Each structure stands twice: as C-alpha cells, then as structure tokens.
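# Inside the fold
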Amino acid sequence: MSKTTPATLALTKAGIAFELFPYDYDPDAPRVGLQAAQALGKAPEQVFKTLMTLADGKPACVIVPSDCEVSMKKLATALGAKSAQMMKPADAERLTGYKVGGVSPFGQRKSVPTVMDETAILFDLVLINGGQRGLLLGIAPDDALRAASASLADLTA
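What this report covers is the structure whose coordinates are included nearby. Just so we're clear, the structure is a prediction, and the values are computed from it rather than from any experiment. (Residues numbered from 1 in each chain as written. Predicted model: local features only at pLDDT ≥ 70, side-chain atom pairs only at ≥ 80, totals over all residues. Heavy atoms only, no water.)

### Regarding the environment of V32
The cut-off we apply is this: Labels follow the DSSP assignment, with helices taken as runs of H or I lasting at least four residues and strands as runs of E lasting at least two, numbered in each case from the N terminus. When a residue's accessible area, from a 1.4 Å probe over protein chains only, is under 20% of the maximum for its type it is buried; when over 50% it is exposed; and in between it is partly exposed. When checking whether two residues touch, look at their non-hydrogen atoms; a contact exists if any pair is within 4.5 Å.
Examined against the element boundaries, V32 turns out to sit in helix α2 (residues 32-40). Its relative accessible area of 25% is what places V32 among the partly exposed residues. Counting along the chain gives 15 residues from V32 to A17, while the straight-line C-alpha distance between them is 25 Å. When residues no more than four places from it in sequence are discounted, the contact partners of V32 are Y23 and Y25.

Laid out in structure tokens, this is it:
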C-alpha cells in the first residue's frame, strides 16, 4: 500500500501535520468506518467517514462520525439547500478521483462545498480517510477544517 495519495500530498503542500493510520480494509464489512475504528482500536465517534452527496443537485462533501447517519435535512440546511441526497458511488469516484471506501475530503479532483459534523471539535485528533482503502489520517480538527475549506454543523440524525 502506498502511503502517498492526493490527500497526503495536499496536506503536505499546505503544511498541515498529520499521522498515518494504515489498517486492514475489509471490503465485506457492513460499515467500513466502524470496521476501520475497530481495526485501529479507536472510538467510532473519533473515526470520521467521508461521504459525497448532492445538495439541490450540486456536489458536496460531508464528514461525519463513523457510528452516525447523516441527516439529509440538516445537511441541506447547512449547505443552504432545499434537499440533499447521497451521490451514486460511480459519480463520487469520478468527481473525487478516489474509490468509494477510500474517499478523502483532502486532495479531491474538484473542490466542492464541505461540511464536517460539529462533534469533531471534541477531539484533539480525528481520523479521516487518507485517500485509499485501508489508510486513515490522524489530524487536528481545526487543521482538517482548514485543509478541506469546511464548515462545522450539526449533521447527524
């Protein structure tokens, strides 16, 4: 597994500190984020998943704890949209340049509005996908927000 991805390159270029957390990715896991948390011995609420969505038909990125579901109503509100829905996996891969299960909010092919769940600031370090399956990045929440040009909001159901 390569430890260099568009995400790690983008963070390095921006001068943002991060730690690598590789783990054994299980493609058959019912919930990849929870499987990652378990594999690393981390609390599920500290491991954040990156999801690609559509808000009023426009792409957006959402970062939420792996043990939570996104409230599409709250997400739409946070993005100033009337409605939000999940993006189709093939569209997410084309847009971001990452495979589903390895989507990172950092270093995506195209910049899109990004929102992170407000619970991220409860931790000194959050784990977010590093741009490939089986690789998470440990990063300070403030640095993650800055690197992804993200806003904070209550996003979970």
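### Notes on a nonpolar patch on the surface
To be explicit about the condition: Exposure above 30% relative accessible area and no salt bridge define the residues that can form patches, which grow by joining like charges within 9 Å and nonpolar side chains of Val, Leu, Ile, Met, Phe, Trp and Tyr within 5 Å. Reported accessibility uses the Shrake-Rupley method at a 1.4 Å probe radius. Residues are deemed covered only where the shown protein chains occlude them. Whenever a carboxyl oxygen of Asp or Glu lies within 4 Å of a side-chain nitrogen of Lys or Arg, that contact is scored as a salt bridge.
Together, I121, L122 and L152 make up a nonpolar patch on the protein surface, roughly 310 Å² of accessible area in all. Turning to its location among the elements, L152 is positioned in strand β8 (residues 150-153).

### Remarks on helix α4 (residues 89-96)
Condition: Note: the arc covers the axis-to-C-beta directions of the helix.
Turning to α4, its buried residues are A92, L95 and T96. Looking down the long axis of α4, one finds its buried residues gathered within 85° of arc, a one-sided arrangement. Elements in contact with the buried residues of α4: β2 (47-55) and β3 (58-65). Where α4 ends, the next residue or the one after it, G97, has phi of about 85°, a positive value.

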